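# Breakdown of the fold
So you can see what is in the structure, the chains are spelled out below.
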Amino acid sequence: MPEKASRGARREAAILKAATELFLKHGYDGTSLDMVIETAGGSRRTIYERFGNKKGLFSATVEATQARLLTQFSALDWAKASPEEALNRVGTAFLSALTAPDAVALFRVVIAEAPRFPELGEAMFEKGPERAYRMVADYLRTKADAGVLRIEDANLAARQLVELLKGDLYLRAMLVPGWQPGRREIERHVRSAVSMFLHGVCGND
């Protein structure tokens, strides 16, 4: 990578990092471009050239944060394990990422801004929850085609499973400031959700 392009990439990453921290801490209205520049360096010109404006920068921080959270989910190798083992492993990683402080803060900010920026809410749903649904659906469909699971509608089953995995832990994390489930609580919840799914929705013996 040419040195100029490398410097540009580092500058963009620094701006995104600073903007993410500021947006999550102060919200959209409470964060100004001057605050981002003071933290990350650069200039308004750099932000306008790379992100368009404050709204574009906000959208970029949301997309980058979601991509980082989903990486923990998609990087797991769940193809070689039994369905119960695979879903427990993936479910634990998913719920841990979803209830992490930065993920909770991100969802709170986007929910607050969705009425003003409906396209942002739609984009977040498509690049976040919808991607998770599709990944789970692909796995369930593969297992159904192999005769391992009995599933008529993999897309519907995936949505049901993801919502079971979220359960009350995610809702409590969203509504109670400073609260976060512990690892054992997450694992216990996920085991129960996966068991309910496999023996209920899939009808496994």
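Predicted, not measured: the structure shown is a model, and the values here were computed from it.

Criteria and cut-off values
Residues numbered from 1 in each chain as written. Predicted model: local features only at pLDDT ≥ 70, side-chain atom pairs only at ≥ 80, totals over all residues. Heavy atoms only, no water. Helix = DSSP H or I, 4+ residues; strand = E, 2+ residues; numbered from the N terminus. Buried < 20%, exposed > 50% of the residue type's maximum accessible area, 1.4 Å probe, protein only. Contact = heavy atoms within 4.5 Å. Areas by Shrake-Rupley, 256 points an atom, 1.4 Å probe, with all protein chains shown as cover. Lys, Arg positive; Asp, Glu negative; His and termini not counted. Charge placed at Lys NZ, Arg CZ, Asp CG, Glu CD. Axes fitted to C-alpha atoms, helices over the stretch in contact; angles between N-to-C directions. Parallel < 35°, antiparallel > 145°, perpendicular 65-115°, else oblique. Nonpolar A, V, L, I, M, F, W, Y, C, P; charged D, E, K, R; others polar. Expected span 1.5 Å × (residues − 1). Core = buried A, V, L, I, M, F, W, Y, C linked by side-chain atoms within 4.5 Å. Phe/Tyr/Trp six-rings, centres within 6.5 Å; stacked < 30°, edge-to-face > 60°. Salt bridge = Lys/Arg side-chain N within 4 Å of Asp/Glu carboxyl O.

### A closer look at the overall build of the chain
Secondary structure assignment for the chain yields 10 helices and 0 strands. Counting only residues that meet the buried cut, the chain has 43% of its 205 residues in that class. Within the chain, residue pairs in contact and separated by at least 24 positions form 69% of the contacts whose partners lie at least 6 positions apart. Surface exposure of the chain reaches about 11,100 Å², of which carbon and sulfur atoms provide 53%. For the chain, the distance from the average position of its 29 positive side-chain charges to the average position of its 26 negative side-chain charges is 5 Å.

### Notes on the environment of A154
Note that A154 resides in helix α9 (residues 154–175). Its relative accessible area of 10% is what places A154 among the buried residues. Measuring from C-alpha to C-alpha, the distance between A154 and M124 comes to 22 Å, with 30 residues separating the pair along the chain.

### A short note on the packing of helix α2 (residues 33–40) against helix α3 (residues 44–51)
It is the contact of α2 with α3, at a shortest axis distance of 10 Å, that shows an interaxial angle of 105°. The angle between the axes of α2 and α3 places the two elements in the roughly perpendicular class. Between α2 and α3, the residues in contact are L33, D34, V36 and I37 and R44, I47 and Y48, respectively. Split into classes, the residues belonging to the contact of α2 with α3 amount to 5 nonpolar, no polar and 2 charged.

### Focus: helix α8 (residues 129–145)
Between the first and last C-alpha of α8 there are 24 Å, a value that for 17 residues agrees with the 24 Å anticipated at 1.5 Å per step. Taken together, the buried positions of α8 are E130, A132, Y133, M135, V136, A137, Y139, L140 and K143.

### Looking at the nonpolar core
Soluble globular proteins: nonpolar side chains tend toward being buried together. Ranked by size, the top nonpolar core spans 55 residues in total, and within it V36, I47, L57 and L140 carry the most contacts. A per-element tally of this core places α9 first, with 10 residues. With near-sequence residues (within four places) excluded, V36 lies in contact with I15, A18, A19, L22, T31, G41, I47 and L57.

### What about the packing of aromatic side chains?
If you walk through the whole model with that rule in mind, you get 6 aromatic pairs. With a centroid separation of 5.1 Å and an interplanar angle of 75°, the aromatic rings of Y28 and F117 are classed as edge-to-face. Here F117 lies in the loop between α6 (101–113) and α7 (118–127) and Y28 lies in the loop between α1 (3–26) and α2, a separation of 89 residues in the sequence. An identical accessibility class is assigned to Y28 and F117; each is buried.

### So, the pattern of salt bridges
Summed over all chains, the structure comprises 14 salt bridges. Notably, a salt bridge pairs R159 with E130, separated by 2.6 Å at the nearest N-O pair. Here E130 lies in helix α8 and R159 lies in helix α9, a separation of 29 residues in the sequence. E130 gets classed as buried once you look at its relative accessible area, which sits at 13%. A salt bridge links D138 to R141; its shortest N-O distance comes to 3.1 Å.

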